[in-house]
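Examining the three-dimensional arrangement
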Amino acid sequence: DGDGISNLGELAAGTHPRGTWSRSFAEGATGPFFDLRFALFNTSPTASARVLLRFMTSEGALVPHVVVLPPLARATVDPEALPGLAATAISTVVEADTVVVVDRTMSWDATHYGSHAETGVAAPSLAWFLAEGATHSGFALFYLLQNPGATTASVTVTYLLSAGEPLVRTYAVAPRSRFNIWVNREDPALAAADVSAAIASDVPIVVERAMYLDVRGQTYGAGHASAGVTAPATQWSLAEGATGPFFDLFVLVANPREDAAEITAAFLLPDGSTVTQAHRVAPRSRYTLWVDHLDARLADTSVSTTITSTNDVPVVVERAMWWPDGAWAEAHNAAGATAPAPAWALAEGEVGGPDGAQTYLLVANTAAAGATATVSLYFEGGGVATRAFDVAARSRLTVDV
C-alpha cells in the first residue's frame, strides 16, 4: 500500500498490507454494562472491500478481525463476540483497501436505556481540540485517548474554562493502548465547571470525549460521546438542532488562542429565514450558547447553525442536545463541519428492532440557492431505496428514514 513497510512487516505488526484507507476510534467498551458495535459501509459500487479491524485493549492486547464487504454493502461487527474482548475498554483502528465508512454505537445496560454514536477519525494527530464538556450538575466527563503507535505518548491537556485561567496537566499513554482521563477528579477547579480542552502529544494519538449524567436512578442514564477535531477554524456548520418543550439545544465554542474571537451565529430555520447574532469568546476559554433562550424565533423549532469568526481568530464548535426538557434522560453531540460538501455517507442507521430505533437524517443547505438532496438507503443483507428532497436556500431539512 505504499507505506514503506513490507508485507512481512505488515504481518508482524498486524496491520493491513493494502490498507490505503483508515479510520480510528479512541472510545469503546464491552462487558456486562456496555454493548459495542461497529457499522461498516463499502462506498464502492464495483469493488469488494477487504477490511481489517484492530482492537487495542487498555491492557495492551491486540485483537485483529477481518471483514470482506461486497460493493455498496453494509455489515455490523460485534467486538464482544471475539476472543479476548468480552469485557474490556478498547480502541479501534480500521484499515481497508477502498473507501469504507465506519460508525460506532455504544449502548448500555441490558435494556439499552442509554446510547451514543460516533464516526471514525481519519488519522491520529499531534493536536486535538474538544469544545464540549461539563463536570457540574452531576455530569461525569471523560477524555479517551488512543495511542496506536509503538512508543509512549507524552500528552499535555490544557483545560479551558468559562472563567479563569486554564489548567495544564501532562499524561503518559503507553504504546498501542487506550487511556482514560476522568476530568472531574483531575483538579478541584475541574470538579464543577464547564470545560473545553486543547490536547497536544509528542506522537500521533486519537482523542474522544464521553459525558454522562446519572438520572432516574440509572447509572449514566443519559450520555453522549464525540471525537475531537484536529484544528480550530473560522467557519463551522451544524446541520442538527431542535428546541421547544422537548429538546434543549446548546452550541459550544472553544477559543484556544490568545486573542478574543468575535463570532457570528446564523441560525437557519425550516422556512428559509435566518436569525443572526454576534457573540464574543474570550481568549483561551469556553463559551456556551443555549439556543432555546437566545431569541423568541428559536424557542420552538428545528434549526441548523453556522458559526463564523469575523476577526479571523479560529475556534472549535460542537453541538449538544439533551431531552426531555427539565428531566434530561438522553443526549447526543457532534462537532461541526468546517465546509459543506456535495456527498455524505453514514454507515450507521437502524429502524425498529428490539430497541424500537428511529433514524433521522439532518440536512443543512448553507448556500444562497436551493438544492436537491438525493438520499439512498443501503440495507444490510441487500436492497436499496432512493428518494430526492428539495432543500430551500439557507434552510434545514429533516428526513425521517
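Refer to the structure presented above.
Residues numbered from 1 in each chain as written. Predicted model: local features only at pLDDT ≥ 70, side-chain atom pairs only at ≥ 80, totals over all residues. Heavy atoms only, no water.

The next point concerns the overall build of the chain. The helix and strand tally for the chain stands at one helix and 27 strands. Taking 401 residues into account, the globule formula puts the C-alpha radius of gyration at 21 Å, and the chain, at 21 Å, falls close to it. Taken along its principal axes, the extent of the C-alpha atoms in the chain is 60 × 50 × 45 Å. Per-residue burial for the chain yields a buried fraction of 51% across its 401 residues. (Helix = DSSP H or I, 4+ residues; strand = E, 2+ residues; numbered from the N terminus. Rg over C-alpha atoms; globule rule 2.2 N^0.38 Å. Buried < 20%, exposed > 50% of the residue type's maximum accessible area, 1.4 Å probe, protein only.)

A few words now on the layout of surface pockets. For the second largest pocket, the calculated volume is near 440 Å³. T15, R54, V93, E95 and P148 are the residues nearest the centre of the second largest pocket, which is lined by 23 residues in total. Among the elements of the structure, α1 (7-13), β1 (21-25), β6 (90-96) and β14 (195-215) are those that each provide at least two residues to the lining of the second largest pocket. Looking at side-chain class alone, the lining of the second largest pocket contains 11 nonpolar, six polar and six charged residues. (1 Å grid on protein atoms, 1.4 Å probe; cavity = no way out; pocket = protein on both sides within 12 Å on 5 of 7 lines; lining within 4 Å. Points joined across faces, edges and corners; volume = space filled by probe spheres on them. Nonpolar A, V, L, I, M, F, W, Y, C, P; charged D, E, K, R; others polar.)

Applying the stated criterion to the full structure yields 16 salt bridges. Note that E27 is salt-bridged to R178, the shortest N-O span being 3.2 Å. On the criterion of sequence distance, the pair formed by E27 in the loop between β1 and β2 (34-42) and R178 in strand β13 (residues 177-182) is long-range, its members being 151 residues apart. Note on accessibility: E27 and R178 belong to one class, buried. Each of the salt bridges in this network shares a partner with another, and the network as a whole consists of R37, R74, E348, E350 and E380. (Salt bridge = Lys/Arg side-chain N within 4 Å of Asp/Glu carboxyl O.)

This paragraph deals with the sheet that holds β2. Reading across from one edge, β5-β2-β7-β8 is the order of the four strands in this open sheet, with antiparallel pairing throughout. Two strands close off the open sheet at either side, each with one partner strand: β5 (74-77) and β8 (114-119). When the angles between neighbouring strand axes are averaged without regard to direction, this sheet yields 20°. With nine bridges joining them, β2 and strand β7 (residues 100-108) adopt antiparallel strand pairing. (Pairing = 2+ DSSP bridges. Axes fitted to C-alpha atoms, helices over the stretch in contact; angles between N-to-C directions.)

Within the open sheet, the four strands sit side by side as β1-β6-β3-β4. Their pairing is antiparallel. This sheet does not close on itself; its edge strands, each paired only once, are β1 and β4 (62-69). This sheet shows a mean twist of 15° between the axes of neighbouring strands, independent of strand direction. Judged from the five bridges that link them, β1 and β6 form a sheet pairing that is antiparallel. Considered in β6, the bridge of S22 is made with E95.

So, about the environment of T76. Position of T76 among the secondary structure elements: in strand β5. Distance from T76 to A140, taken between C-alpha atoms, is 29 Å for residues 64 residues apart in sequence. Not counting residues up to four positions away in its chain, the partners in contact with T76 are R37, F38 and E380. Looking at T76, its side chain comes within polar contact range of the side chain of R74, at 3.0 Å. Within the structure, T76 has its side chain in polar contact with the side chain of E380 (distance 2.8 Å). (Contact = heavy atoms within 4.5 Å. Polar contact = N/O pair within 3.5 Å; in protein donor to acceptor, adjacent residues only side chain to side chain.)

Omega for the peptide link from W323 to P324 comes to -10°, which places this bond in the cis form. Looking at where P324 falls in the secondary structure, it is placed in the loop between β22 (316-323) and β23 (330-335). Of note, the phi angle at S137 is positive, near 60°, even though the residue is not glycine. Locating S137 in the fold gives a position in the loop between β9 (125-130) and β10 (139-147). Phi is positive for R284, which is not a glycine, with a value near 50°. Inspection of the secondary structure puts R284 in the loop between β19 (274-281) and β20 (285-290). Judged by relative accessible area, R284 falls into the partly exposed class, the value being 26%.

Attention now goes to the nonpolar core. Of all hydrophobic cores here, the largest spans 102 residues; its most connected members are V51, Y143, Y159 and I199. If you tally residues by element for this core, the top one is β14, at 13 residues. Within the second largest apolar cluster, seven residues are counted, among which are L361, A373, V375 and F389. (Core = buried A, V, L, I, M, F, W, Y, C linked by side-chain atoms within 4.5 Å.)

For the rest of this paragraph, the subject is the side chain of H224. Inspection of the secondary structure assignment puts H224 in strand β15 (residues 218-227). When its relative accessible area of 0% is taken as the criterion, H224 is described as buried. Here the side chain of H224 touches E132 through a polar contact of 3.4 Å, side chain to side chain. Excluding residues within four positions of it along the chain, H224 makes contact with H116, E132, R209, A210, M211, A320, W322, A331, H332 and N333.

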